[in-house]
Amino acid sequence: DQYGIQASLKRLGINETNLGSSTGSTWIDSKEDFISSFSPADGKLIGKVQTTNQEAYEQIISQAQIAFETWRKVPAPHRGEIVREIGNALREVKADLGKLVSYEMGKSYQEGLGEVQEMIDICDFAVGLSRQLYGLTMHSERPGHRMYEQWHALGIVGIISAFNFPVAVWSWNTALAWVCGDVCVWKPSEKAPLSGIACQHIVAEIFKKHNMPEGISSLIVGDYKVGEMLSHDPRVPLVSATGSTRMGKLVGQAVGARLGRSLLELGGNNAIIITPQADLDMAIRGALFGAVGTAGQRCTSTRRLIIHEDVFDEVSKRLASAYSKLVIGNPLDEKNHVGPVIDQDAVKMYQEAIQKAEAEGAKVIVPGGVLSGAGYESGCYVKPCIYEAENHYEIVQHETFAPILYLIRYKTLEEAITLQNGVPQGLSSAIMTTNMREAEAFLSVAGSDCGIANVNIGTSGAEIGGAFGGEKETGGGRESGSDAWKAYMRRQTNTINYSSELPLAQGIKFDI
Ligand code: UN1
């Protein structure tokens, strides 16, 4: 145990008796099958987590309903105080939790720490927000009347999160939902359940310390079948789901069929436009991290570079040289730049994507391949690769969760923007240019159609202060900063008559 995993698991409170469904500090034995969590770093079993059956699910939802009755009446700034303590607890376990995330899903330790930092940041944001859940006041058209709107807690928020950000995306949802007065039921990815268990321990202790009821933070475990319990359940007014477009369509349709709310953050197919006026040093660095960071498994990973023909050869050469310096290996060893992909299914998808790209006519610039031998025993390590391709290729239109980068040529900026927008997804985008006209055109209404559009930074690594999400097949939801909190509350418009008359709106006369 060279990296001290066992000691970290112990400090995170994980032991064999508490790996399954939970309403907080209470663990429910659902006498069900287990999900085994293997590390893609070394292929070893980290732990087994019991899946949630219908009975355990019912117990969790009833307890969440009870908890909501209490939690919604706790003043929002006091709820914020509890979230502040959660943020502080996360500061204390940052190294251990960052390490577990890195070991369980394969991102570099640095990125694991970054993910926990995102959790800390959103807690701070939510603490401030707990005193700023503002509604508007309006002037009534009737004399002696007052109008305003207020935001009330919604109820149970179901959270379905993905393996690639196994803990941060949950915290974006929960930190806001909790200050808004909601209670949360979380289904972490079945590919990274232990990271979920660790988080559940951290927050359960804090709710308990404040004598809050069980059920403010609940955990359910399993695959899509457990997710379906949430999306079909009318007792869950909001389901926030992060993952593939395929999954999002199923969740969105199920929740929509019962007229519930869904908040969807789905696939991206993110591009950087590199113009002739780009600072190429910055462009190369931004593209490199965007494409190979998290082994190409962020929703925001850079998948396409749309490069002006005048600088295409230079960018391609310099990128190939940068790729040749990448060190691939155990994500916990800080000399490595790139860790494994999540599992062998992901390796298969990577290989299939490369085959499809080649069959459609893509030209190899940096070849890919699966690594084997010492250090690569898990079979999950692949070489980041680069292809010259055309935007209309079917495989280029598709989000492959792997470090495959497609380079595409353009002649005019208009054409570049059309290519950038010419995919079904609309999450993140960027332009590298020092020319103000190009940058502003890219950000204008006729520019990028994505939820995130950056200038002179890459497509990934969004800060929590902005609203996070995208358009088209990305699902339209917004999480995290700005006014994303409104999705977790219900708006109520109130008109109060303090006069002794009862005039009708729109001047309608109705006298008897
Ligand atoms: C995701 O991949 O689902 O912007 C989230 C980023 C991170 C979050 C990505 N802050 O890359």
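By the naming in an unreviewed UniProt entry, the chain goes by aldehyde dehydrogenase (NAD(+)) and is assigned to Algoriphagus namhaensis. Turning to the chain, the UniProt record has this under Subunit (unreviewed entry): "Homotetramer."

Some points on the site of the ligand
Glu-118, Asn-164, Phe-165, Val-169, Thr-242, Arg-298, Cys-299, Thr-300, Ser-460, Gly-461 and Ala-462 make up every residue found near the ligand. When grouped by side-chain class, the residues that make up the shell around the ligand number 4 nonpolar, 5 polar and 2 charged.

Describing the UniProt feature "active site" (unreviewed entry) in the chain
Per the UniProt record, "active site" (unreviewed entry) is annotated on Glu-265. Relative to the helices and strands, Glu-265 resides in strand 9 (residues 261-265). Residues in contact with Glu-265, not counting those within four places in the same chain, are Thr-242, Cys-299, Gly-469, Gly-475, Gly-477 and Glu-479.

Points about the packing of helix 8 (residues 224-231) against helix 9 (residues 245-257)
In a pair of packed helices, the angle between the axes and the distance between the axes together describe the arrangement. At their nearest, the axes of helix 8 and helix 9 sit 9 Å apart, and the two run at 30 degrees to each other. Taken together, the axis directions place helix 8 and helix 9 in an arrangement best described as roughly parallel. Relative to helix 9, the crossing made by helix 8 is right-handed. Residues Gly-227, Glu-228 and Ser-231 of helix 8 touch helix 9, and the partners they reach there are Val-251, Ala-254 and Val-255. Its residues assigned to classes, the contact of helix 8 with helix 9 shows 3 nonpolar, 2 polar and 1 charged.

Here we look at the sheet that holds strand 13 (residues 385-388)
Across the sheet, 7 strands lie side by side as 12-13-14-11-10-16-17; this open sheet has mixed pairing. Lying at the two open borders of the sheet, with one neighbouring strand each, are strand 12 (363-366) and strand 17 (452-455). Across the sheet, the mean angle separating the axes of adjacent strands is 25 degrees when strand polarity is ignored. Note: strand 12 against strand 13, 3 bridges, orientation antiparallel. Within strand 13, the residue paired with Lys-363 across the bridge is Glu-388.

Some details on the pairing of strand 6 (residues 183-187)
Of all 5 residues making up strand 6, 5 are buried, and the element is well covered by its neighbours. Of the two faces of strand 6, both are covered, the one formed by Val-183, Val-185 and Lys-187 as well as the one formed by Cys-184 and Trp-186. As paired elements, strand 5 (residues 156-160) and strand 6 share 5 bridges and run parallel to each other. For Ile-160, the partnering residue across the bridge sits in strand 6 and is Lys-187. In this region the chain leaves strand 5, passes through helix 6 (residues 168-179) and returns to the parallel neighbour strand 6; the handedness of that crossover is right-handed. With 3 bridges connecting them, strand 6 and strand 7 (residues 217-219) associate as parallel partners. Counterpart to Val-185 in the pairing with strand 7 is Ser-218. Remark: the strand 6/helix 7 (residues 193-209)/strand 7 crossover connection has right-handed handedness.

Details of the sheet that holds strand 21 (residues 489-497)
In spatial order, the strands read 3-4-21; together these 3 strands make up an open sheet with antiparallel pairing. Unpaired on one side and paired on the other, strand 3 (137-138) and strand 21 mark the two borders of the sheet. Summarising the sheet, strand 3 and strand 4 (residues 145-153) pair through 2 bridges and their orientation is antiparallel. Bridge pairing in strand 4 places Thr-137 opposite Tyr-148.

Parameters at a glance
- Residues numbered from 1 in each chain as written.
- Predicted model: local features only at pLDDT ≥ 70, side-chain atom pairs only at ≥ 80, totals over all residues.
- UniProt positions renumbered as here; feature names shortened; annotations may be inferred.
- Near = placed C-beta within 6 Å.
- Nonpolar A, V, L, I, M, F, W, Y, C, P; charged D, E, K, R; others polar.
- Helix = DSSP H or I, 4+ residues; strand = E, 2+ residues; numbered from the N terminus.
- Contact = placed C-beta atoms within 7 Å.
- Axes fitted to C-alpha atoms, helices over the stretch in contact; angles between N-to-C directions.
- Parallel < 35°, antiparallel > 145°, perpendicular 65-115°, else oblique.
- Left-handed = near helix turned anticlockwise from the far one by under 90°.
- Pairing = 2+ DSSP bridges.
- Buried ≥ 20, exposed ≤ 12 C-beta atoms within 10 Å, placed from the backbone.
- Right-handed = clockwise from strand over helix to strand, strands pointing away.

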